[in-house]
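Okay, here's what each chain looks like letter by letter:
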Amino acid sequence: MKSFVFRSDRPFNPAKLEDFLGTIVQIYGPRMLRYKGVLYMQGTDRKVVFQGVHQLMGSDLGPKWADGEPKVSKMVFIGIDLPKDIFTQGLQQCLA
């Protein structure tokens, strides 16, 4: 079992991220024990809180970003033999 963190100060493109996460959950879901994060998304002034277990994934709008608060995404993935490089490259391609 291993974990890794993805961070970015660039916003995610919501449609690209949804497609990518849907794909990795279909492929790696049984090996994805837990994943969660706070996301900086293009087109909203609010944080997006994201979490999942195996193939069950969801997100909710969180609070607004505070004045002067750095807008960053941080995602944590915990699983069995997850290909960090594929996840990282895919997530980078979802950035706006």
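Whatever comes next refers back to the structure up there.
This is a predicted model, so every value here is computed, not measured.

(A) Region of the structure containing the environment of Lys74. Within the element layout of this structure, Lys74 appears in strand S5 (residues 73-79). For the pair Lys74 and Arg7, spaced 67 residues apart in sequence, the C-alpha to C-alpha distance is 4.6 Å. With near-sequence residues (within four places) excluded, Lys74 lies in contact with Val5, Phe6, Arg7, Lys36, Gly37 and Val38.

(B) A look at the pairing of strand S2 (residues 32-39). Sheet topology places S2 next to S5; six bridges connect them, and they run antiparallel. Paired with Met32 across the strands is Gly79, a residue of S5. In terms of strand pairing, S2 meets strand S3 (residues 46-53) through five bridges, oriented antiparallel. Following the sheet pairing, Tyr35 is matched in S3 by Gly52.

(C) Just unusual backbone geometry, in detail. A positive phi is found at His54, a non-glycine position, where the angle reads about 50°. Inspection of the secondary structure assignment puts His54 in the loop between S3 and strand S4 (56-64). We classify His54 as partly exposed; its relative accessible area is 29%. If you check the backbone angles, Asp81 has positive phi at about 50° while not being a glycine. Along the chain, Asp81 turns up in the loop between S5 and helix H2 (84-93). Residue classification places Asp81 among the exposed positions, given a relative accessible area of 62%.

(D) Spotlight on the sheet that holds S4. Pairing is antiparallel in the open sheet, where five strands are placed in the order S1-S5-S2-S3-S4. Each having just a single partner strand, strand S1 (2-8) and S4 make up the two edges of the open sheet. Across the sheet, the axes of successive neighbouring strands diverge by a mean angle of 10°, strand direction being ignored. Two strands pair when backbone bridges link them, and S3 and S4 are joined in this way by seven bridges, in the antiparallel orientation. Residue pairing for S4: Gly52 is matched across the bridge by Met57. This element, helix H1 (residues 14-28), spans S2, S3, S4 and S5 of the sheet and lies at about 165° to S2. Relative to the sheet, H2 contacts S1, S2 and S5, its axis offset from that of S1 by approximately 20°.

What counts, and at which threshold
Residues numbered from 1 in each chain as written. Predicted model: local features only at pLDDT ≥ 70, side-chain atom pairs only at ≥ 80, totals over all residues. Heavy atoms only, no water. Helix = DSSP H or I, 4+ residues; strand = E, 2+ residues; numbered from the N terminus. Contact = heavy atoms within 4.5 Å. Pairing = 2+ DSSP bridges. Buried < 20%, exposed > 50% of the residue type's maximum accessible area, 1.4 Å probe, protein only. Axes fitted to C-alpha atoms, helices over the stretch in contact; angles between N-to-C directions.

Taken by themselves, the reported measurements are silent on function.
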